[in-house]
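The residues making up each chain are set out below.
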Amino acid sequence: MPLPEMPRILYGTAWKEVKTTELVRIAFHMGFRGVDTAAQRKHYREDLVGLGLQQACKELGLHRHDIWIQTKFTPMSGQDPTGFLPYDPQANVADQVCESFINSLRYLHPDATIPNVRSLLAKYAVRAKRDTEEREEAPLQEVYLDSYVMHSPMNNLQSTLQAWAVMEALVDAGLVRYIGFSNIRHLV
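Residues numbered from 1 in each chain as written. Predicted model: local features only at pLDDT ≥ 70, side-chain atom pairs only at ≥ 80, totals over all residues. Heavy atoms only, no water.

Caption draft 1: Inspection of the environment of Pro-81 at higher detail. Mapped onto the secondary structure, Pro-81 falls in the loop between strand E3 (68-73) and helix H3 (93-108). Residue classification places Pro-81 among the exposed positions, given a relative accessible area of 59%. (Helix = DSSP H or I, 4+ residues; strand = E, 2+ residues; numbered from the N terminus. Buried < 20%, exposed > 50% of the residue type's maximum accessible area, 1.4 Å probe, protein only.)

So, in structure tokens, the structure goes:
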């Protein structure tokens, strides 16, 4: 059973660069049970966060349900276009969010078997099932994120709402527990 609520404080992983793995490991040894990161190589290293979580959990005997993992989808306006990108910038918004999410799962759950995200979305997404009376409830997957946040708005309201719809579908599919916004002044 996952943590019933978000820990009061999360360990933030921005600007830790190559020290990220060790600093995440130390934070968990000091009592942190939640981490915040983003799919934005410009300021974060999700891959190293995942390794730090893996090491800390092994050393402390923690399981996935004992920790809180929060990451963010970052639009192109927040990415370094000359560096690593977690998605194809030419893809449509839905595919950008989905590809970024899949990469986040891979990085934050090293050595885990990543579920078929697109298949789960097709099976459980509410928008796709809205007109049917019976809708199968998706169980929480073994590999999941506790919180998935939109790091900043897309370049227009329509794109922002499209990204949000995919994030809602990730909740419907049991891949994410909570979704939210960050750095958004207004939506209209």
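Caption draft 2: Here's a closer look at the packing of helix H2 (residues 46-60) against H3. The contact between H2 and H3 brings their axes to 7 Å, and the two run at 35°. Here Glu-46, Asp-47, Val-49, Gly-50 and Leu-53 of H2 lie close against H3, whose contacting residues are Ser-104, Tyr-107 and Leu-108. Within the contact of H2 with H3, the residues separate by chemical class into 4 nonpolar, 2 polar and 2 charged. (Axes fitted to C-alpha atoms, helices over the stretch in contact; angles between N-to-C directions. Contact = heavy atoms within 4.5 Å. Nonpolar A, V, L, I, M, F, W, Y, C, P; charged D, E, K, R; others polar.)

Caption draft 3: Looking closely at the pattern of salt bridges. Applying the stated rule across the entire model yields 7 salt bridges. Measuring nitrogen to oxygen at the nearest pair gives 2.9 Å for the salt bridge that ties Glu-59 to Arg-25. Note that Glu-59 is positioned in helix H2 and Arg-25 in helix H1 (residues 20-29), a separation of 34 residues in sequence. Residue class for Glu-59 comes out partly exposed when judged on its relative accessible area of 44%. Take Arg-25: its relative accessible area is 18%, and that puts it in the buried class. One salt-bridge network, held together by shared partners, links Glu-22, Arg-25 and Glu-59. (Salt bridge = Lys/Arg side-chain N within 4 Å of Asp/Glu carboxyl O.)

Caption draft 4: Seen up close, the packing of aromatic side chains. Across all of its chains, the model carries 6 aromatic pairs by this definition. A centroid spacing of 6.3 Å and a plane angle of 65° characterise the contact between Phe-84 and Tyr-107, whose relative ring orientation is edge-to-face. Remark: Tyr-107 occurs in helix H3 and Phe-84 occurs in the loop between E3 and H3; sequence separation between them is 23 residues. In this structure, Arg-41 is placed above the aromatic ring of Phe-84, and the distance from its NZ or CZ to the ring centre is 4.6 Å. (Phe/Tyr/Trp six-rings, centres within 6.5 Å; stacked < 30°, edge-to-face > 60°. Lys NZ or Arg CZ within 6 Å of the ring centre and 35° of its normal.)

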